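Examination of the molecular architecture
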Amino acid sequence: YESLSVAELAKKLHREPSEIIKKLFMLGVMATINQELDKDAIELICADYGVEVEEEIRIDKTDLDTYFDDTIVEVDENALEERPPVVTIMGHVDHGKTSLLDSIRKTKVTAGEAGGITQHIGAYQVEVNGKKISFLDTPGHAAFTTMRARGASITDIAIIVVAADDGVMPQTVEAINHAKAAEVPIIVAINKMDKPSANPDRVQQELTEHGLVPEAWGGDTIFVPISALKGEGIDQLLEMILLVSEVGELKANPTRSAIGTVIEAQLDKGRGAVATLLVQDGTLRVGDPIVVGHAYGRVRAMVNDLGRRIKTAGPSMPIEITGLNEVPQAGDRFVVFQDEKTARQVGESRSMTAIQASRSEKQRVTLDNLFEQM
Ligand code: GDP
Ligand code: MG
């Protein structure tokens, strides 16, 4: 084996880095989390845990999650810059999620672009007071359930839409639970305020029972009354998003190579595999060798939410790419590699593992079926 950092060794041993640092200290070695340990130090620590060091200890390069783990990937604090928030809109059916997304887009797409523009991909970005906000157009629940089931968290802020004439409904509660489980800050948009039967007080009362207490009542949840239909309250809502985003101090390093998550993907007759990606860190470039889930390739072409061809995409930007050998799945991670050879090796190794896993899955399912028939 070569050298390992304290963090890498901790991960290998399934221990907290602080525990390793403490042990090293007892052995008379002062170490920090990113410090590289030599062979002797690694052996000492491993012996202490009763683990024998036999072969090369290496990080599993085919595990894409590794690249998202900042105890392994060294974070360059100096290169961090503010990044736009990624917002998901959730709520009960017919409470106005789609209308709100449409309304935000209409309000914020610059005059010259409005009208002829049809949204191209399942996500978009708007600019408010010189700051960008990314909105995911996937049905909020799907975004949380499929993505989270795959361990991907892509949302920074959840907007929960509640119709003022209807109040809290089952999917409202579900949405709150998803956002809470993901530890994502919630902003409540009380929609359909234009309706004569609107009763925002009742909505606030009901949400309080679910732990969302308005600031006016001594809580810390932001409530914004809106009418998606009339475009009222949209600016206030956007300002609140920026406020919550600032509190969260969202940062990324635009200088590193890109990592992120698949929002949606499909096979296009003419263009082959087409994937909408959210860049979560780094900058994605046309030509980059990339592994996306079990697929791999080179970014052949890249378009933004308006369908315009672009060459680079920075943190929090949703884009659509072509150039993959197969169609990935929503929630899959993507990682850019320095060279195409590594990308291909990692991609091939991942799809082999996937084939094996699906074979054993099939066998398992067959057994289950047997039991079902009994
Ligand atoms: P979704 O199922 O949550 O995406 O809800 P939609 O956006 O499709 O809206 C459901 C219905 O409510 C549609 O008929 C909308 O026109 C209507 N709607 C949405 N927002 C408003 C609003 O602010 N005021 C009124 N009066 N109707 C609205
Ligand atoms: Mg809808």
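The preceding data block contains the structure.
What this report covers is the structure whose coordinates are included nearby.

Thresholds, definitions, all that
Residues numbered from 1 in each chain as written. Chains lettered and ligands numbered in written order. Predicted model: local features only at pLDDT ≥ 70, side-chain atom pairs only at ≥ 80, totals over all residues. Heavy atoms only, no water. Core = buried A, V, L, I, M, F, W, Y, C linked by side-chain atoms within 4.5 Å. Buried < 20%, exposed > 50% of the residue type's maximum accessible area, 1.4 Å probe, protein only. Helix = DSSP H or I, 4+ residues; strand = E, 2+ residues; numbered from the N terminus. Contact = heavy atoms within 4.5 Å. Near = heavy atom within 4 Å. Polar contact = N/O pair within 3.5 Å; in protein donor to acceptor, adjacent residues only side chain to side chain. Areas by Shrake-Rupley, 256 points an atom, 1.4 Å probe, with all protein chains shown as cover. Nonpolar A, V, L, I, M, F, W, Y, C, P; charged D, E, K, R; others polar. Axes fitted to C-alpha atoms, helices over the stretch in contact; angles between N-to-C directions. Parallel < 35°, antiparallel > 145°, perpendicular 65-115°, else oblique. Left-handed = near helix turned anticlockwise from the far one by under 90°.

**Things to note about the nonpolar core**
Ranked by internal contacts, the top residues of the largest apolar core, which has 25 residues, are Leu100, Ile104, Ile133, Phe135, Ile159, Ile187 and Ile241. Secondary-structure elements contributing two or more residues to this core are β4 (86-91), α4 (97-108), β5 (123-128), β6 (131-136), β7 (157-163), β8 (186-191), β9 (222-225) and α8 (234-248). When residues of this core are assigned to their parent elements, the largest contribution, six residues, is made by α8. With sequence-adjacent residues up to four places away left out, Ile159 is seen in contact with Val87, Thr88, Ile89, Met90, Leu100, Ile187, Ala189, Leu237 and Ile241. Core analysis: the next-biggest nonpolar cluster, separate from the first, contains 20 residues, Leu277, Met302, Ile321 and Val336 among them.

**Quick notes on the site of ligand 1**
Around ligand 1, the surrounding shell holds 15 residues, and the nearest of these are Asp94, Lys97, Thr98, Ser99 and Asp194. Here an oxygen atom of ligand 1 sits 3.0 Å away from a polar atom, N or O, in the main chain of Gly96. In the environment of ligand 1, an oxygen atom lies 2.8 Å from a nitrogen or oxygen atom belonging to the side chain of Thr98. Relative to its free-state accessible area of 570 Å², ligand 1 is covered by the protein chains to the extent of 73%. By residue number, the principal contributor to the shell around ligand 1 is α4, which donates three residues. For the shell around ligand 1, a count of residues per class yields three nonpolar, seven polar and five charged.

**Thoughts on the packing of helix α1 (residues 6-13) against helix α2 (residues 17-26)**
The interhelical angle for the contact between α1 and α2, taken along N-to-C directions, is 110 degrees, at an axis separation of 8 Å. By the criterion of interaxial angle, the relationship of α1 to α2 is roughly perpendicular. Where α1 crosses over α2, the handedness of that crossing is right-handed. On α2, the residues touching Val6, Leu9, Ala10 and Leu13 of α1 are Pro17, Ile20, Ile21 and Leu24. The residue inventory of the contact of α1 with α2, partitioned by class, reads eight nonpolar, no polar and no charged.

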